[in-house]
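Geometric and topological summary
Single-letter residue listing:
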Amino acid sequence: MDIIVCVKSVPITTGAELIPDKARKDVILDNIPFDINEWDEYALEEAIRLKERFGGNVTVISVSSRDIDEAILKCLAKGADRAIKIVDKLVAEYDAYTIAKILYTVIKSMKYDLILCGAQAGDDGYALVGVMLASLLRIPYVTFVKRLELINGSLRTVRELEEGFEEIVEVELPALLTVQTGINEPRYASIMAIRKARQKEIITLDLKSINFAESNFDGWIEIREFFTPERRKKCIMLQGDLNEITTKVVEILRQKGILR
Amino acid sequence: MHVTGLFDKEELKILKSLNFNFCLQCGKCTASCPVFLRTELNPRTLVRKTLYFVSQLKICPPLSISEISSVWACTTCSNCVIYCPRDVKPMDIILAFRTILIERGNVPSTISGALENIYKFGNPFGISSLKRAEWARDLSVKKASEESEVDLLYFVGCLTSYDNRARNIARSMVIILKNIGVNFSILAEDENCCGNEVYSLGERGLFEVVAEKNVKRFRQYKISKIITTCSHCFNTLKNRYKLENIEVQHSTQFLSDLIDKAEINFSKRIAKKIAFHDPCYLGKHNNIFEEPRKILENIPGVTLLELERSRKNSLCCGGGGGRTWYEVTGEISRPSEDRIKEAIDMGAEILAVACPFCLLELEDAVKRMGYENKLQVLDIVEVICRSLGGL
Amino acid sequence: MKEILVLAEHRLGKLRDVTFEVLTKGRKLAQENNARLTAVVIGYDIDPLGEELAYYADEVLIYDDYKVKEFHSEYFRQVLSHIILDRKPEVILIPHTSYGLELAPSLAIELNIPIITDVLEISFENGRFVVIREYFGGKLKAKVTLRESPRYIATVRVGVSKSEKNESKGQVTKMQNLDLMDIPYKRVIGLIKPPPEAVDISSAGIIVAVGRGIGDAKNLPLIEELSKAIGGVIACSRPVVDMKWLPKERLVGLSGKVVKPKLYLAIGISGQFYHVYGMMNSELIIAINKDPNAPIFGVADYGIVEDLFKVVPQLISKIYGKMYGEENK
């Protein structure tokens, strides 16, 4: 079963304060580490498990304006067989349509049974690229997949709805699935495995080499400006040492009638 | 999870390079293991069953996957190595299995989370490296990057830098050094995890990465002497980092030397019964027992108690070997609770430690057991600091 | 500007609240731009839904067809394509939901209409379509614009605004059957309802919720103790369910429950929208998180920036101390 996994390298922003850069079209990302987008980790793990069960190849593809070598090597270390990276300073990082179009340009001439993507990216949360890609490729797709199994050559998936509901959707291969977190438990990639992964096939492309002329291509999404959101509600931050803080909390709870 | 039974060529090579052909199966390793009976880990049977793969002894039953996974419970106290009459080093076998599981990607999620954080942020907590020196915010501590010369480097370590309780160790140490008039610097945001737990967890590749980062800084700032308040950092900087021309001392060694030279003046009496808990990485791994005791004996008012199991025979607190990030399901109690009971039975008022791991594990045990009013757990530098009149 | 189209969402014969929210937002946009607001509802045997929608729009288009008795992206897209090509609305709004995201991006590609998702605010500025949306899990927001186009699609974040009914009723139009193309390569087999649960957190008056910050299942007993001390029920955010530390029935958020308890204690929860959606209308929200920049502090009434493992044990003893009539230490 030949599988393509689309991965994105995203900044890991937990614990960090994010500040827009001078032009406000991007964010200051110095000192912020990058890693594979969380949803894509699950997609990659699912692909590798399918390979372990049914045989075949797993190819990871990633598009970025930044250096994504680490993310690519990590994917290969986890079990992907080869990687294709399209890196070019001109890639419009925040435009899902451009990204989908670039992926389409590369994937359309490839042979595959299944394409797996994460349901969304942790940095922009668009949830657009996967379905856009499927639509450009004219293959069936299912989003927010939580479980999947191969039954008689078709893919039977369970997808996630709100309020605890789920839906069973079957598609014929070749198809594209966007995967929800929790579908599996991603494995660890050791540093030595990541080093060894350099020996695997990595194809490096830029926009020129894939004939993606930025000049006669109009993207869809443009960031006018990033800004720090105002706290909607005025949150009272409790100060003091542990003793003072916990005493205050008990006071508040008593006042509100929650504690007697 | 993903382990599928037998070992491949590379893995067998690792196992075959270990020394366990002389194992008598005496069981001393298991009897001395602080987590035996608490967890599935049994060093003796682990050695015996591994023999199935590395020798012709097919009479031994082979390992099962769950038995291999029991290696995550090890605290790397090294009791099994100390007590083995045949120099077999079961701990090395445990570490070898950890390496095999790491390379297979088969790692408990909390451990892989800590390792990933160390790689990305330089500490297991996943907090920005920019906040590594926040503990020193109002103490005006010199940073190596801002000094033309560094006489002495105080290597703080992850736990001491980021954990709110353990930060007091660093603050105490700074107050002591300033009080004595010692010129020192810290790496601050340039400091990276020392990698002791990384090594203990078997992630050899990541250990090389973090060690290289620190060594680069040592060279950049022309460091010639390093002191640290963490026994784990001490062990790894001294023994695993192959540092040429750099002297590494644990804070207890450094301060004990200063006491010898009469350079520390203890002004305040600490009239308490204090028992010293030997950290495994200071005592068992590096044979440093006298210096911390000398310090305590020199503090006016202190009655030094010797715990029943002390020095080489010390009870491991249970925090090493990555155990800070790994709880075994169904573990009845942690080793630290035994230690607390011992200290209380002896009538100790303060349990002094020389390592943030021990500090946190033992203090947690005190809270769990409800003994906050009976026993205080303090790092030895916190005790010194009180005697200098500070804090 | 002539028309704004809103796709209604329904399940098991009822319109979902999200529909009314988006219609209310659409109404505002329509008023600001002198446009008509049209609701579209697609399904089988849905006349009553159409009637209900008429109180939220100028016109309701009903497409009633056995082929669309279940939500199915390919059939729904065919219907919407037809409507869009026929009526040429300037803006198409779809709720940002599982159904919405299964449909909207492919609709955009098929009709070559620029699309943006999960929007909070929409407006036209100097003729340009402008939205406000969150980035980086809510740590930043951005003003975003789409390439100039005769039409735009936006999926609208739900659970953030009120819905307002109109006084008058709009016109209801039933569309003619479109003889939809069969789609053999994608089949919707059926809906799975959530199983009956041992615990229903949505009826709890006090909820103690944990997030990724709890670190491991082993640390849950501490939270259980707190929950017991305070008389609450335990809930959680998504990562806790993903890691299987707690069962799904404890999940609060977009893919779980929406709760409105008297007290919501958010412990080690970052506060990304998909969780906040489920608890933001709680009467009193207290959050504990090590990260001072965690978005949860934007929705909490009181915040504590501290390690939960330090705060929670102390809090437990203070609560028990208080209950046993102990003096403040």
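Residues numbered from 1 in each chain as written. Chains lettered and ligands numbered in written order. Predicted model: local features only at pLDDT ≥ 70, side-chain atom pairs only at ≥ 80, totals over all residues.

1. Digging into the sheet that holds strand S7 (residues 376-379) of chain B
Within a sheet, neighbouring strands are paired by backbone hydrogen bonds and run either parallel or antiparallel to one another. Residues and elements named next belong to chain B. The strand order across the open sheet formed by four strands is S5-S4-S6-S7, and the pairing between neighbours is parallel. The open sheet has two edge strands with one neighbour each: strand S5 (303-305) and S7. Averaged over neighbouring strand pairs, the angle between their axes works out to 35° when direction is ignored. Two elements, strand S6 (residues 350-353) and S7, share four bridges in a ladder whose sense is parallel. For Ala352, the partnering residue across the bridge sits in S7 and is Leu378. Strands in contact with helix H14 (residues 290-298) are strand S4 (273-276), S5 and S6; relative to S4, the strand with the most contacts, it is inclined by about 170°. The sheet contacts of helix H17 (residues 380-387) involve S4, S6 and S7, and relative to S7 the element is tilted by about 90°. (Pairing = 2+ DSSP bridges. Helix = DSSP H or I, 4+ residues; strand = E, 2+ residues; numbered from the N terminus. Axes fitted to C-alpha atoms, helices over the stretch in contact; angles between N-to-C directions. Contact = placed C-beta atoms within 7 Å.)

2. Some thoughts on the pairing of strand S8 (residues 154-160) of chain A
Residue and element names in this part refer to chain A. In terms of strand pairing, strand S7 (residues 141-151) meets S8 through six bridges, oriented antiparallel. When the sheet's bridge partners are listed, Glu149 is paired in S8 with Arg156. Where S7 folds back onto S8 in an antiparallel hairpin, the turn is made up of two residues, including Asn152, whose phi is positive at roughly 50°. Taken together, the seven bridges between S8 and strand S9 (residues 166-172) define a ladder with antiparallel strand orientation. Following the sheet pairing, Thr157 is matched in S9 by Val169. Count of turn residues in the S8/S9 antiparallel hairpin: five residues, of which Glu163 carries a positive phi of about 60°.

3. Focus on the environment of A:Gly130
All names here are of chain A. Locating Gly130 in the fold gives a position in helix H4 (residues 129-137). With 31 C-beta atoms packed within 10 Å, Gly130 lands in the buried category. Here the alpha-carbon distance between Gly130 and Gln120, two residues ten residues apart in the chain, equals 8.3 Å. Contact partners of Gly130, with chain neighbours within four places excluded, come to Cys117, Tyr141, Thr143, Leu176 and Thr178. (Buried ≥ 20, exposed ≤ 12 C-beta atoms within 10 Å, placed from the backbone.)

4. A few points about H14(B)
Residue and element names in this part refer to chain B. Residues of H14 that are buried include every one of Glu291, Pro292, Ile295 and Leu296, and no others. Take H14 and look down its axis: the buried residues cluster within an arc of 135°, on one side only. Contact partners of the buried residues in H14: helix H13 (251-260), S4, S5, S6 and H17. (Arc of directions from axis to C-beta.)

5. Things to note about the domain arrangement of chain B
Residues and elements named next belong to chain B. Here chain B is partitioned into domain 1 (9-104), domain 2 (109-257) and domain 3 (266-387). Summarising the inter-unit geometry, the C-alpha centres of domain 2 and domain 3 are found 22 Å apart. Between domain 2 and domain 3, the contact holds 31 residues from the first and 28 residues from the second. Elements that contribute at least two residues to the side of domain 2 that touches domain 3 include exactly helix H7 (109-121), helix H8 (158-162), helix H9 (167-180), helix H10 (196-200), helix H12 (231-240) and H13. Looking at which element gives the most residues to the side of domain 2 that touches domain 3, the answer is H9, with six residues. Grouping the amino acids of the side of domain 2 that touches domain 3 by side-chain chemistry returns 13 nonpolar, 15 polar and three charged. (Domains from an automatic or database assignment. Nonpolar A, V, L, I, M, F, W, Y, C, P; charged D, E, K, R; others polar.)

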